[in-house]
Amino acid sequence: MPSTDKYSILLPTYNEVENLPIIIWLLIKHMNASGYPYEIIIIDDGSPDGTLEAAKQLQKIYGEDKIVLRPREKKLGLGTAYIHGIKHATGNYIIIMDADLSHHPKFIQEFIEKQRSQNFDIVTGTRYIGGGGVHGWDFKRKLISRGANLLTQILLRPGVSDLTGSFRLYKKDILETLIKSCVSKGYVFQMEMIVRARQRRYTIGEVPISFVDRVYGESKLGGSEIIQFARSLLYLFATT
Ligand SMILES: Nc1nc2c(ncn2[C@@H]2O[C@H](COP(=O)(O)OP(=O)(O)O)[C@@H](O)[C@H]2O)c(=O)[nH]1
Ligand SMILES: [Mg+2]
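This structure is a prediction, so every number in the text was calculated from the model and none was measured.

## Structural notes on the overall build of the protein chain
Okay, so step 1: When its secondary structure is counted, the protein chain shows eight helices and nine strands.
Okay, so step 2: What you see for the protein chain is a C-alpha radius of gyration of 17 Å, in line with the 18 Å of a compact globule of 240 residues.
Okay, so step 3: In terms of principal-axis extent, the alpha carbons of the protein chain reach across some 50 × 40 × 35 Å.
Okay, so step 4: Across the protein chain, every contact between residues at least 6 apart in sequence was considered, and the portion connecting residues at least 24 apart equals 79%.
Okay, so step 5: Within the protein chain, the 25 negative side-chain charges are centred at a point lying 6 Å from the centre of the 31 positive side-chain charges.

## Observations regarding the pairing of strand β8 (residues 204-208)
Okay, so step 1: With four of five residues buried, β8 lies mostly within the body of the structure.
Okay, so step 2: In this sheet, β8 lies alongside strand β5 (residues 122-126) in parallel orientation, the contact comprising five bridges. When the bridges of β8 are listed, G125 appears paired with V207.

## Quick notes on the side chain of S161
Okay, so step 1: Note that S161 resides in the loop between α5 (139-156) and β7 (168-171).
Okay, so step 2: Residue classification places S161 among the buried positions, given a relative accessible area of 17%.
Okay, so step 3: Of note is the side chain of S161, whose polar atom sits 2.7 Å from the side chain of E206.
Okay, so step 4: Other than its neighbours up to four places away in sequence, S161 contacts T126, Y128, I129, N149, Q153 and E206.

Definitions and limits used
Residues numbered from 1 in each chain as written. Chains lettered and ligands numbered in written order. Predicted model: local features only at pLDDT ≥ 70, side-chain atom pairs only at ≥ 80, totals over all residues. Heavy atoms only, no water. Helix = DSSP H or I, 4+ residues; strand = E, 2+ residues; numbered from the N terminus. Rg over C-alpha atoms; globule rule 2.2 N^0.38 Å. Contact = heavy atoms within 4.5 Å. Lys, Arg positive; Asp, Glu negative; His and termini not counted. Charge placed at Lys NZ, Arg CZ, Asp CG, Glu CD. Buried < 20%, exposed > 50% of the residue type's maximum accessible area, 1.4 Å probe, protein only. Pairing = 2+ DSSP bridges. Polar contact = N/O pair within 3.5 Å; in protein donor to acceptor, adjacent residues only side chain to side chain.

Quick look at the structure:
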């Protein structure tokens with residue numbers, strides 16, 4: 001392994017005070033076991049539930065080299081939270097994931113090994129091939145996710161099985177370029193990232209993951225997000 005390789009894990013948080021200690025504990029455990037150099041960057045957007053205070057406690061426990069805090073004043077959205085995080089990342093690889101325990105840190109090592117096996121530009125977790133799966137979602141949410149994926153597959157043919165997932169590993173420079181080329185916000189953002197990656201002929205590897213619905217707190221996916229998704233999909237269909 002070249003000694004310069006390092007993995008920056010971006011953890012955007014909004015009201016994740018119950019989930020944060022567990023996800024951090026799991027991340028530290030699995031990343032230490034993997035042996036790869038890493039840092040965890042927490043981007044909290046002024047959560048009223050005290051997530052940032054919890055993050056400060058965790059930083060004291062695990063150290064400032066492992067836990068980096070890059071908070072913002074108020075809720076400014078996930079897309080810009082990633083951009084903000086990337087700016088402060090010292091690793092040459094970036095891992096993005098939810099802090100709500102939907103994405104289990106145990107899969108990260110598989111992402112890393114997949115990336116290294118063929119020098120992929122991007123590795124994405126997939127719920128729709130191999131041992132992947134979704135747990136805890138009701139029928140409606142499963143239908144929306146499947147439907148969104150299916151519709152996108154038909155219209156855009158991106159050749160990746162899970163387009164709306166947000167558990168991924170990127171080469172840092174690739175992520176920087178991609179994020180700048182994306183116009184959408186919200187749920188559709190992850191899909192646009194993959195579609196644009198394909199356009200640019202970036203290579204994408206897939207790792208089956210099991211996805212568990214968030215343990216505490218509420219998801220932000222609502223009716224307006226679905227309409228926005230459909231709209232953006234048509235936009236991408238028309239312009240790419
Ligand atoms: N910093 C920041 N984090 C956010 C924001 N919105 C959501 N998050 C976090 O981003 C991740 C994904 O959000 P989530 O509600 O789980 O979306 P879902 O999985 O699509 O239901 C979670 O870790 C949230 O705490 C935001 O505006 N700013
Ligand atoms: Mg989530």
